[in-house]
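Observations on chain architecture
Here are the chains, one letter per residue:
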Amino acid sequence: MKGLIAVDVNKCLGCHSCELGCAVEHSQSKHLFSAILEKPLPQNRVIVEHCDDTNIPLQCRHCEDPPCAKVCPTQAISKPEVGEAVLIEDELCIGCKVCILVCPFGSISLSKDDKNIIKCDLCFERTSEGQVPACVSNCPTNALQFIPVEQFTKEKRREFMVDFLKSS
Amino acid sequence: MDKKVLSQKSIDSTCQSMIKKAEDEGIETIWDRLEKQQPQCGFGELGVCCKICMQGPCRIDPFKVGAQKGVCGANADTIVARNLVRAIAGGTAAHSGHAKHLAHILSKSAKGEFKDYPVKDPEKLKAVAARLGVDIEGKNNEELAREVARLALEEFSEKEGPNLWAATTVTKGRVDTFSKLGVVPGGIDSAISEIMHRTHYGVDADPVNLLLGGIKCSLADYAGCHMGTDLADILFGTPQPVVTEANMGVLKENAVNIALHGHNPALSDIIVQVAAEMQDEAKNMGASEGINLVGMCCTGNEVLMRHKIPPLTHSVSQELAIITGVIDAMVVDYQCVIPGLANLLDCYHTKLITTMPIAKISGAQHMELNEENARECAGDIIKTAIDSFGNRKPEKVNIPKEKNTAIAGFSTEAILGALGKVDSEDPLKPLIDNIVNGNILGVCLFAGCNNAKVPQDHNFVTMVKELAKNNVLILATGCGAGAFARYGLLTPEATLEYAGDGLKAVLTAVGEAAGLNGPLPMILHMGSCVDNSRAVDVAVAVANKLGVDLDKLPVVASAPEAMTEKAISIGTWAVSGGLPTHVGVIPPVLGSDLVAEVLTVKTKELVGGYFIVETDPLKACEKLLEAIKKRRQGLNI
Ligand code: SF4
């Protein structure tokens, strides 16, 4: 299943449930009650940022021409397929942090033991089975959606038309 | 909906058929709402969300990257502990509110103001008065009732000494343990308000101190439960074994079906009395079989225990009763009466009648109980139900057929009475001898609710069969006991089918001696959730007889499908009473390692009891059996 994680900032209540869901998905047990006891603790890849009165869950945008991949000296970051996730190969990562510097969204962070970089992998295991990413399924208000780009742009155009007609 | 999906909601076939009917009719039930609530908030599930002040809500990141403290500086341990003890206070308020209601009734009854509530069990009145230290010599019922009611009402407010209902009903050893820990409650309401005080912004931040406060409040809850049982017995009679039928097959197409739902006998008992006099009125309106009263949840248990009113269904399946299309009125008091019931009123003719000033539901008809004229109120309510009978929608009617025999009514007095038939000099002796010789491995009290997150009754039924097979004597209350009733497990037949040889032999011997021509039922139904106090009375009597404290007895408790705050407070006092106590759902405490550790390990050192959290029913049985065996070793038996 191909798609992008679309965010409706008007619907985000800042509950951080996407962060929890993301960390659980990246745990060994994939269950909240046991994930919180794992060592090392799993980490979330999505982060809810807050500015003025707006909350926005931010994660890797999976750029088509990813600057992080370009600068990676060991080719640990790659984008195997157009329209799919930008992925990290942990064994190749040397922890130089250059990718962190160049990511325009601040979407790459360091693991807690400082050894690896971590970022959203678009839940490729889930999406390859036709499921939506964990942050999306954990969002109680549907502020996060996983949809094909075409559908997203179509909805966006509709919205624009409605607003445009209303104001004219 | 296929079979598998249905069995994940409820294992009761009558419930399954009504869930299917609801789906066909496009009607929403508790399980649909649970699904719509998914995913549920992880912070809430772990207990690490705090909304106590308006700087919040604050949440602690369980993965330890984000915030580790609330705005005020409270960490996960403080927040989890505060939330938990507030839940205990909620449960205590509910149980003791029930008891307080009865105390007021007894008080006014003694003054001759509530003529519809005469003392029905003077023997129990005398026994309770004597236990409380009242000089009973030469006093008549009114005088004794006035004294007991006064003492009861005094137990709520601030008081200097220990709470009488807590202190006079447990072992000396417990009193010593509680005194040492500083957790002896005074007034019940004081204990509740102390919790609200210490969990207010910027008061108690020490998680262990908070939990000790929780234990104290839970003991106040115990006092409230015991008082609830005592006063109900005094006013409405102490239960003795009754035989009836249970499950939705008890509904009658040609009768005015009235479901009595909630927790208190204050109105429901009167309705039972008055309905008997109004059968003809119902018949004149075309209901050839008259009035058919049925019970739900603990109000159902109260009228089952005293009047053999058939239990219909319980807890999470309460909406399904209305979906049968033949409940002409559902009369509710308080607790566990879900607002979702009102959503069904658009589609069904059922009158939902609320009766308590503190428990109204929009959409329901409110007919408030006025205790001064209780019988008249009951009569009006029954009339409303009879009128509603004519409004049934025939196309909606579908009564499931299944019903099972159920034997209930095992008050402490009734159990001792039955044992007394074996040994009239020393009624406890047969019980103790059989525990010592191993015919009875131990005792397990099943209590508590259903929970929509657990397939209804699955844990209860799985566990009870497993434990009985292992010769564990089973006591039950509340919706757990209700569940057992619906599956025919409160019967001698169940004893023969499921009990281990030792248990079977004992239940048969007692049953034969009591003139039943067969064994006692496999499970002894002791009543509503306040009646967990009856089980304590039995355990305390055994402990005193053996000369050991409760935390040494091979007695355990289980709330395998717990849901409410009341379940949390009862669970906490069971632990404080020294019992290994199983909970079959994960309570919202895992966000604090410290709190989880205190509840499951440290309490063992402090009070002897501890929580066992296990969602798998068979594994839970293993753990309970292990706990029982350890206790037996401790006693050298
Ligand atoms: S009491 Fe403390 S933790 Fe709770 S909401 Fe207020 S600031 Fe946050």
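Residues numbered from 1 in each chain as written. Chains lettered and ligands numbered in written order. Predicted model: local features only at pLDDT ≥ 70, side-chain atom pairs only at ≥ 80, totals over all residues. Heavy atoms only, no water.

1. Description of the overall build of chain A
This is how it is decided: We count a stretch as a helix when DSSP gives it H or I for four or more residues in a row; a strand needs E for two or more, and each element gets its number in order from the N terminus. The reference for a compact globule is 2.2 Å times residues^0.38; the radius of gyration itself is calculated from the C-alpha atoms. Only protein chains enter the accessibility calculation, which uses a 1.4 Å probe; a residue is then buried when its area is under 20% of its type maximum, exposed when over 50%, and partly exposed in between.
What chain A contains, in helices and strands, is seven helices and eight strands. The C-alpha radius of gyration of chain A comes to 17 Å, within 12% of the 15 Å expected for a compact globule of 168 residues. By its C-alpha atoms, chain A is 55 × 40 × 35 Å across when sized along the principal axes. Burial status across chain A gives 39% buried among its 168 residues.

2. Section: the packing of aromatic side chains
Residues and elements named next belong to chain B. The condition that has to hold: What counts as a ring pair is set by centres within 6.5 Å for rings of Phe, Tyr and Trp (its six-membered ring), and what kind of pair is set by the plane angle: stacked under 30 degrees, edge-to-face over 60, tilted for all other angles. Two conditions define a charge located above a ring, namely a distance within 6 Å from the ring centre to NZ of Lys or CZ of Arg, and an angle within 35 degrees of the ring normal.
What the rule picks out here adds up to seven aromatic pairs over all chains. Relative to Phe-484, the ring of Phe-460 lies with its centre 5.7 Å away and its plane at 90 degrees, an arrangement referred to as edge-to-face. Of this pair, Phe-460 sits in helix H20 (residues 458-469) while Phe-484 sits in helix H21 (residues 478-486); the two residues are 24 residues apart in sequence, bridging distant segments of the chain. You can call Phe-460 buried: its relative accessible area is 0%. Judged by its relative accessible area of 0%, Phe-484 falls in the buried class. Members of the aromatic cluster, connected to one another through ring pairs, are Phe-114, Tyr-117 and Phe-236. Over the aromatic face of Phe-43 sits the side chain of Arg-59, whose NZ or CZ is 5.7 Å from the ring centroid. Geometry around Tyr-348 places Lys-396 over its ring, the cationic atom sitting 5.0 Å from the centre.

3. Brief notes about the pattern of salt bridges
Residue and element names in this part refer to chain B. Note the threshold: When a carboxyl oxygen of Asp or Glu lies within 4 Å of a side-chain nitrogen of Lys or Arg, that pair is called a salt bridge.
Evaluation of the coordinates by the stated rule reveals 39 salt bridges over all chains. Put simply, Glu-147 and Arg-150 hold a salt bridge, and the shortest N to O gap is 3.3 Å. Here Arg-150 and Glu-147 lie together in helix H7 (residues 141-154), a separation of three residues that amounts to about one turn. The class for Glu-147 is partly exposed, based on a relative accessible area of 24%. Classification of Arg-150 as partly exposed rests on a relative accessible area of 39%. A salt bridge links Lys-429 to Asp-433; its shortest N-O distance comes to 3.0 Å. Highlighted residues: Lys-429 and Asp-433, both in helix H19 (residues 428-436), separated by four residues, approximately one helical turn. Note on Asp-433: relative accessible area 33%, which makes it partly exposed. One salt-bridge network, held together by shared partners, links Lys-124, Arg-131, Asp-230, Asp-233, Glu-302, Arg-306, Glu-413, Asp-531 and Arg-534.

4. A word on the sheet that holds strand S15 (residues 580-583) of chain B
All names here are of chain B. The cut-off we apply is this: Pairing between strands requires that DSSP locate at least two bridges from one strand to the other. Helix axes use the C-alpha atoms of the stretch in contact, all axes being lines fitted to C-alpha atoms, and the angles between their N-to-C directions lie in the range 0 to 180 degrees.
Strand order across the open sheet formed by six strands is S13-S12-S11-S14-S15-S16, with parallel pairing between neighbours. Across the chains shown, the open sheet's two edge strands, defined by having one partner strand only, are strand S13 (523-527) and strand S16 (610-613). The average angle at which neighbouring strand axes cross in this sheet is 25 degrees, direction not considered. Across five bridges, the pairing between strand S11 (residues 442-446) and strand S12 (residues 472-477) is parallel. Bridge pairing in S12 links Gly-442 to Val-472.

5. Considering helix H27 (residues 617-634) of chain B
All names here are of chain B. Note the following rule: Expected span of a helix, by definition, is 1.5 Å for each gap between consecutive residues, and there is one gap fewer than residues. Note that the arc is computed from the directions linking the helix axis to the C-beta atoms. Whenever a nitrogen or oxygen atom comes within 3.5 Å of another N or O atom, the pair is scored as a polar contact, on the condition that within protein one atom can donate a hydrogen and the other can accept it, and that pairs from neighbouring residues in sequence are kept only if both atoms are in side chains.
For H27, built from 18 residues, the straight-helix expectation of 26 Å at 1.5 Å per residue is met to within 8% by its first-to-last C-alpha distance of 26 Å. Those residues of H27 that fall on the buried side of the exposure criterion are Pro-617, Ala-620, Cys-621, Leu-624, Leu-625, Ala-627, Ile-628, Arg-631 and Arg-632. Projection of H27 onto a plane perpendicular to its axis shows the buried side chains occupying an angular sector of 160 degrees, all on one side. In H27, the exposed positions that point more than 90 degrees away from the buried face belong to Glu-622, Lys-630, Gln-633 and Gly-634. Taking the backbone nitrogen of Leu-618 as reference, a side-chain oxygen 2.9 Å away marks Asp-616 as the first, capping residue of H27. Looking one or two places after H27, you find Asn-636, whose phi comes out positive at around 60 degrees.

6. Some words on the interface of chain A and chain B
Going by this rule: Whether two residues are in contact is decided by their heavy atoms, any of which lying within 4.5 Å being enough. Summed over both partners, buried area is the accessible surface (1.4 Å probe) that two parts give up on being assembled.
Counting from both sides, the interface comprises 19 residues of chain A and, opposite them, 15 residues of chain B. Approximately 1400 Å² of surface area, both sides summed, lies buried where chain A meets chain B, with 73% of it carried by carbon and sulfur atoms. Three residues stand out in chain A for area buried against chain B, namely Leu-20, Phe-33 and Ile-36 of chain A, and they jointly supply 42% of the buried area on that side. Summed over the shared surface of chain A and chain B, the number is zero salt bridges. Applying the counting rule to chain A against chain B returns three residue pairs in polar contact (both at pLDDT 80 or more). Contributions of two or more residues to the side of chain A that touches chain B are made by helix H1 (17-25) and helix H2 (32-35) of chain A. Tallying contributions element by element places H1 of chain A first for the side of chain A that touches chain B, with four residues.

7. Remarks on the nonpolar core
All names here are of chain B. To keep things clear, this is the line we draw: Throughout this description, the term nonpolar core refers to a set of buried Ala, Val, Leu, Ile, Met, Phe, Trp, Tyr and Cys residues connected via side-chain atoms within 4.5 Å.
By size, the foremost hydrophobic cluster in this structure holds 188 residues, and its most contacted members are Val-148 and Phe-446. Tallying contributions element by element places helix H11 (residues 207-236) first for this core, with 16 residues. Once you skip the residues sitting within four places of it in the chain, Val-148 turns out to touch Leu-106, Leu-125, Val-128, Ala-129, Leu-132, Trp-165, Leu-231 and Ile-234. Membership of the second largest hydrophobic core comes to 36 residues, among which are Ile-30, Val-326, Val-337 and Leu-341.

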